[in-house]
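Here's the letter readout for the chains.
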Amino acid sequence: MYYIYDVLVEVGDVIRPYSDDISLALVASLLVIAGGDINRYIKNLISSAHFLVRMSIFIAVCTFGYGALTVLLTNIITTQLAVLPAMYLPLAVIVCFAGLGIYAERKKQV
């Protein structure tokens, strides 16, 4: 039992410096999977607007909206990963990516 604990702590210590990258990968994956739904929702909201207004909103959402969402969510996830003990960090990362994989599968993205 102590062997598993030691391995988890060791792996957690190895991946802790990469928490920023892990968080960014999680957020980017989530936005790729959910991006179509987000764009469809915004399209439905602004479908009756003039072409130039629709184009401007789409550009703003894609550049500023997704960019701000990426920065904000990455910081939140990085903060949450930082407070996890080293033993639970690898498990949390695996569960998060597995959850994204299941979500992608259900959305027919895989």
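Cut-off values and rules
- Residues numbered from 1 in each chain as written.
- Predicted model: local features only at pLDDT ≥ 70, side-chain atom pairs only at ≥ 80, totals over all residues.
- Heavy atoms only, no water.
- Patch = residues over 30% accessible without salt bridge, like charges linked within 9 Å, V, L, I, M, F, W, Y side chains within 5 Å.
- Areas by Shrake-Rupley, 256 points an atom, 1.4 Å probe, with all protein chains shown as cover.
- Salt bridge = Lys/Arg side-chain N within 4 Å of Asp/Glu carboxyl O.
- Helix = DSSP H or I, 4+ residues; strand = E, 2+ residues; numbered from the N terminus.
- Buried < 20%, exposed > 50% of the residue type's maximum accessible area, 1.4 Å probe, protein only.
- Polar contact = N/O pair within 3.5 Å; in protein donor to acceptor, adjacent residues only side chain to side chain.
- Contact = heavy atoms within 4.5 Å.
- Core = buried A, V, L, I, M, F, W, Y, C linked by side-chain atoms within 4.5 Å.

Draft legend 1. Spatial organisation of a nonpolar patch on the surface. Taken together, the side chains of M1, Y3, I4, V7 and V11 present a nonpolar region at the surface, about 580 Å² in accessible area. Counting through the fold element by element, I4 comes out in helix α1 (residues 2-15).

Draft legend 2. Molecular detail of the pattern of salt bridges. As enumerated under the stated definition, the model contains 2 salt bridges in all. We note a salt bridge from R40 to D37, for which the minimum N-O separation is 2.6 Å. Remark: D37 and R40 occur in helix α2 (residues 19-46); sequence separation between them is 3 residues, near one turn of the helix. Owing to a relative accessible area of 48%, R40 belongs among the partly exposed residues under this scheme. Among the residues examined, D37 registers a relative accessible area of 28% and is labelled partly exposed. In this structure, D37 and K107 form a salt bridge, with 2.0 Å as the shortest nitrogen-oxygen distance. Note that D37 is positioned in helix α2 and K107 in the segment after α4 (89-106), a separation of 70 residues in sequence. Bridged by salt links that share partners, the residues D37, R40 and K107 form one connected network.

Draft legend 3. The arrangement of the side chain of S23 in detail. For S23, the location among the structural elements is in helix α2. A relative accessible area of 0% places S23 in the buried class. At a separation of 2.8 Å, a polar atom in the side chain of S23 contacts the main-chain carbonyl oxygen of S19. Dropping the residues within four chain positions of it, S23 is found in contact with T74, I77, T78 and L81.

Draft legend 4. A look at the nonpolar core. Among the nonpolar cores identified, the biggest contains 9 residues, and these are I15, I22, L26, I33, L81, L89, V93, L100 and A104. Contributions of two or more residues to this core are made by α2 and α4. Broken down by element, this core gets its largest block of residues, 4 residues, from α4. Once residues lying within four places of it in the same chain are set aside, the contact partners of V93 are I15 and I22.

Geometry only, nothing functional implied.
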